[in-house]
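Summary of the model geometry
So the chains spell out like this:
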Amino acid sequence: EPDYAELIQPSSQTLVFAHRGFGNYAPDNSLAGAQIAMQKGMDGVDVDGQQSSDKEVVIFHDLSVDRLTTASGKVGGKTVAELISLDLGSKYGEGFEVHTFEDFVRTIPQDGILMVELKVPGKGSTGIEERAAEIIGKYNAYEKVYLSSFNPLVLRRLKKIDSRIRTVFIFMDTNWNPELLAEIRPEDLVELPW
C-alpha cells in the first residue's frame, strides 16, 4: 500500500457536491446537469458510472434504462452507441443524452471535483477499473476525479492499477429510505456480498 499521508490535503472548508447534477434544471447524471452545478458554484458533482456491453464507462444511475428514458433494458446489455442515442430528458425536453465518463472528465473544469460511483455488484473484475484508470491517466485528472464504490474490491483493484487514483468507500443502509427503495425495480435489486 502507498503512504497516503502525503496524498490527503485537509480542506479548511466543507465541500458542497451536487448529487447527480442539478436535478431541477437537467436530468440526473446528465452532462448538462453537472455543468450547471459547476456554474452555480458547487465544489463538485457526484454521478454514477457503469459499463456498457462494449466495455465503455458511461454515466447512468439505474441498472436499467426504463425509469430515466423511454427505452427499456439493462445498461450493461447495451452498447455505448445505443446508450448515447437515448434521451434522458423526457420531463425536461429533448437534447439530454447519456454521456461517457470520458466526456465528463474532459468537460468538468480543472477546479471542480468529479466523483463517480463505479457500480460493480459482484466480486469479479469486469474491466471497468482499467478503463476508468486509463481515462484518468489520459487527461492527467488525478486531482479532480474521485472514484467511489460500495464495492471495496473495486477500490482495491483501482489502487493496484494506479495508486494515484483517489478512491472513496461509500456505504449506507438503504432500507430506511423508502424513496431510494422506490427508485429500484425489483429485478435490479442487488445483494452485495459484504
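So, a few notes on the structure that sits alongside this text.

Thresholds, definitions, all that
Residues numbered from 1 in each chain as written. Predicted model: local features only at pLDDT ≥ 70, side-chain atom pairs only at ≥ 80, totals over all residues. Heavy atoms only, no water. Helix = DSSP H or I, 4+ residues; strand = E, 2+ residues; numbered from the N terminus. Polar contact = N/O pair within 3.5 Å; in protein donor to acceptor, adjacent residues only side chain to side chain. Contact = heavy atoms within 4.5 Å. Core = buried A, V, L, I, M, F, W, Y, C linked by side-chain atoms within 4.5 Å. Buried < 20%, exposed > 50% of the residue type's maximum accessible area, 1.4 Å probe, protein only. Axes fitted to C-alpha atoms, helices over the stretch in contact; angles between N-to-C directions. Parallel < 35°, antiparallel > 145°, perpendicular 65-115°, else oblique. Left-handed = near helix turned anticlockwise from the far one by under 90°. Salt bridge = Lys/Arg side-chain N within 4 Å of Asp/Glu carboxyl O. Phe/Tyr/Trp six-rings, centres within 6.5 Å; stacked < 30°, edge-to-face > 60°. Lys NZ or Arg CZ within 6 Å of the ring centre and 35° of its normal.

Overview of the side chain of Gln50
- Looking at the secondary structure, you find Gln50 in strand E2 (residues 44-51).
- One polar contact links the side chain of Gln50 to the main-chain carbonyl oxygen of His61, over a distance of 3.3 Å.
- In this structure, Gln50 is in contact with Glu56, Val57, Val58, Phe60, His61, Asp62, Leu63, Val75, Lys119 and Ile128, ignoring residues within four places of it in sequence.

Notes on the nonpolar core
- Counting residues in hydrophobic clusters, the biggest one holds 44 residues, and the most contacted among them are Phe101, Leu114, Val116, Leu118, Ile136, Val145 and Leu147.
- Other than its neighbours up to four places away in sequence, Phe101 contacts Val57, Val58, Ile59, Leu114, Val116, Ala132, Ile135, Ile136, Val145 and Leu147.

Here we look at the environment of Gly33
- Turning to its location among the elements, Gly33 is positioned in helix H1 (residues 31-39).
- For Gly33, a relative accessible area of 0% puts it in the buried group.
- Once the C-alpha coordinates of Gly33 and Val45 are considered, the two residues, 12 residues apart in sequence, prove to be 9.1 Å apart.
- Those residues in contact with Gly33 that sit more than four places away from it in its chain are Gly21, Phe22 and Ala26.

Quick look at the packing of helix H4 (residues 128-138) against helix H5 (residues 152-161)
- Where H4 meets H5, the closest approach of the two axes is 9 Å, and the angle between their N-to-C directions is 45 degrees. Relative to H5, the element H4 lies oblique. Both H4 and H5 take part in a crossing whose hand is right-handed. Of the residues in H5, those touching H4 at Glu129, Glu130 and Ala133 are Val154, Arg157, Leu158 and Ile161.

Quick word on H5
- Turning to H5, its buried residues are Val154, Leu155, Arg157, Leu158 and Lys159.
- Where H5 starts, the residue carrying a side-chain oxygen 2.9 Å from the main-chain nitrogen of Leu153 turns out to be Asn151.

Overview of the pattern of salt bridges
- Following the criterion strictly, the structure yields 12 salt bridges and no others.
- In the salt-bridge network here, residues are joined through shared partners; they are Glu56, Glu102, Asp103, Arg106, Arg131, Glu134 and Lys138.

With respect to unusual backbone geometry
- At Asn29, a residue that is not glycine, the phi angle is positive and equals roughly 60 degrees.
- Along the chain, Asn29 falls in the loop between strand E1 (17-19) and H1.
- Classification of Asn29 by relative accessible area gives buried; the value is 1%.
- One non-glycine residue with positive phi stands out, namely Asn140, at about 45 degrees.
- Inspection of the secondary structure puts Asn140 in the loop between H4 and strand E6 (145-149).
- Assessed through its relative accessible area of 55%, Asn140 is described here as exposed.

What about the side chain of Thr69?
- Here Thr69 shows up in the loop between strand E3 (57-59) and helix H2 (80-84).
- Within the structure, Thr69 has its side chain in polar contact with the backbone oxygen of Val65 (distance 2.8 Å).
- Within the structure, Thr69 has its side chain in polar contact with the backbone nitrogen of Ala71 (distance 3.1 Å).
- Setting aside residues up to four positions removed in sequence, Thr69 forms contacts with Phe60, Leu86, Asp87 and Leu88.

Notes on the packing of aromatic side chains
- Under the criterion given, the structure shown has two aromatic pairs.
- Relative to Tyr25, the ring of Phe22 has its centre 5.9 Å away and its plane inclined at 25 degrees; by these criteria the two rings are stacked.
- On the basis of relative accessibility, which here comes to 49%, the residue Tyr25 falls in the partly exposed class.
- Relative to Phe171, the ring of Phe169 has its centre 5.6 Å away and its plane inclined at 35 degrees; by these criteria the two rings are tilted.
- A residue is classified by how much of its surface remains accessible, and Phe171, at 64% relative accessible area, is exposed.
- The ring of Tyr25 is capped by Lys40, whose NZ or CZ atom sits 5.8 Å from the centre of that ring.

Just geometry here; none of it tells us what the structure is for.
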